[in-house]
Each structure stands twice: as C-alpha cells, then as structure tokens.
Amino acid sequence: MALIQEIHSSNNQVSVTLAGSILVTDAAELREKLLKYADKEGVQFHIDMQRVEFIDSSGLGVLVTVLKRSRQKGGDVIIKGIHGVVKEVFELTRLNRVFQIQS
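Given the structure is predicted, the values throughout are model-derived calculations rather than measurements. (Residues numbered from 1 in each chain as written. Predicted model: local features only at pLDDT ≥ 70, side-chain atom pairs only at ≥ 80, totals over all residues. Heavy atoms only, no water.)

**Q** Could you clarify how one ought to interpret the environment of G75 in this entry?
**A** Within the secondary structure layout, G75 lies in the loop between helix 2 (57-72) and strand 4 (76-80). Under the relative-accessibility criterion, G75 is labelled buried at 9%. The spatial distance from the C-alpha of G75 to the C-alpha of Q5 is 22 Å, given a sequence separation of 70 residues. When neighbours within four sequence positions are excluded, G75 is seen to be in contact with G42, V43, Q44 and S70. (Helix = DSSP H or I, 4+ residues; strand = E, 2+ residues; numbered from the N terminus. Buried < 20%, exposed > 50% of the residue type's maximum accessible area, 1.4 Å probe, protein only. Contact = heavy atoms within 4.5 Å.)

**Q** Where do I start with helix 1 (residues 24-38) in this structure?
**A** Since one α-helical turn is 3.6 residues long, residues separated by three or four positions face the same way. Taking 1.5 Å as the rise per residue, helix 1 with 15 residues should run 21 Å; its terminal C-alpha atoms sit 21 Å apart, in good agreement. For helix 1, every residue scored as buried is listed here: D26, A27, L30, L34, L35, Y37 and A38. (Expected span 1.5 Å × (residues − 1).)

**Q** So what exactly am I meant to see when it comes to the pairing of strand 3 (residues 44-55) here?
**A** Every other side chain in a regular strand lies on the same face of the sheet, so the side chains alternate between the two faces. Alignment of strand 2 (residues 13-22) against strand 3, held across nine bridges, turns out to be parallel. Each residue of the ladder has a partner; that of Q13, found in strand 3, is Q44. In this view, the connection linking strand 2 to its parallel neighbour strand 3 by way of helix 1 has right-handed handedness. As paired elements, strand 3 and strand 4 share five bridges and run parallel to each other. Within the sheet, the bridge partner assigned to F45 lies in strand 4 and is V77. Where the polypeptide runs from strand 3 across helix 2 and back to strand 4, its parallel neighbour, the crossover connection is right-handed. (Pairing = 2+ DSSP bridges. Right-handed = clockwise from strand over helix to strand, strands pointing away.)

By themselves, these figures tell us nothing about what the structure is for.
Shown next, in the form of structure tokens:
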C-alpha cells in the first residue's frame, strides 16, 4: 500500500513524501490528493520517493498526470530519492528524461 507520509504546502511549493508501493489500488486516491494542488498557478511539486519500494503503471500514470497538469499551469514536478526497482522502472519507461530527478 502506498502511504502518503506527508503533504506540506507553502507558497506554491508542495512537498510530498511517499512510502511503500504505489499500486493500482492506491492510484485514484493519490491522484485526487495531488491534483487538488496542481490546479493552482505555478505549483512546484517536490516528491520524495526514497521510501517507495515499487511503482506500477497506474502509479506512473498518476505522476505523469500531475506533471502535465502542473506544467500547464506553469509549475513542475521534481522527484527525489528514486532507487532500485523504482529507478529501473523510470529508466525503462524513459520517464527519467521527462521528470526532473534528484538523488
């Protein structure tokens, strides 16, 4: 189960800490919670995925949706701390070239 450990919003900066596995069963809830911030102008998401062990295609879809919506409004998504299988999935899907990735 994907656990949203924390969401903190301040001055168009949204910090999100995720943990566990991001699966189809969690995707709708995660999308809903993140998109309510993405509708504001110029929001910068900082998503910490250091404690995420696995992500499936629906989880990736949520991140892509948030990225598109925030970029339409002049914002962006920065992903931090991907490693292991999650990093491999980002590389295989070439999403590491779409998102700003920080170690």
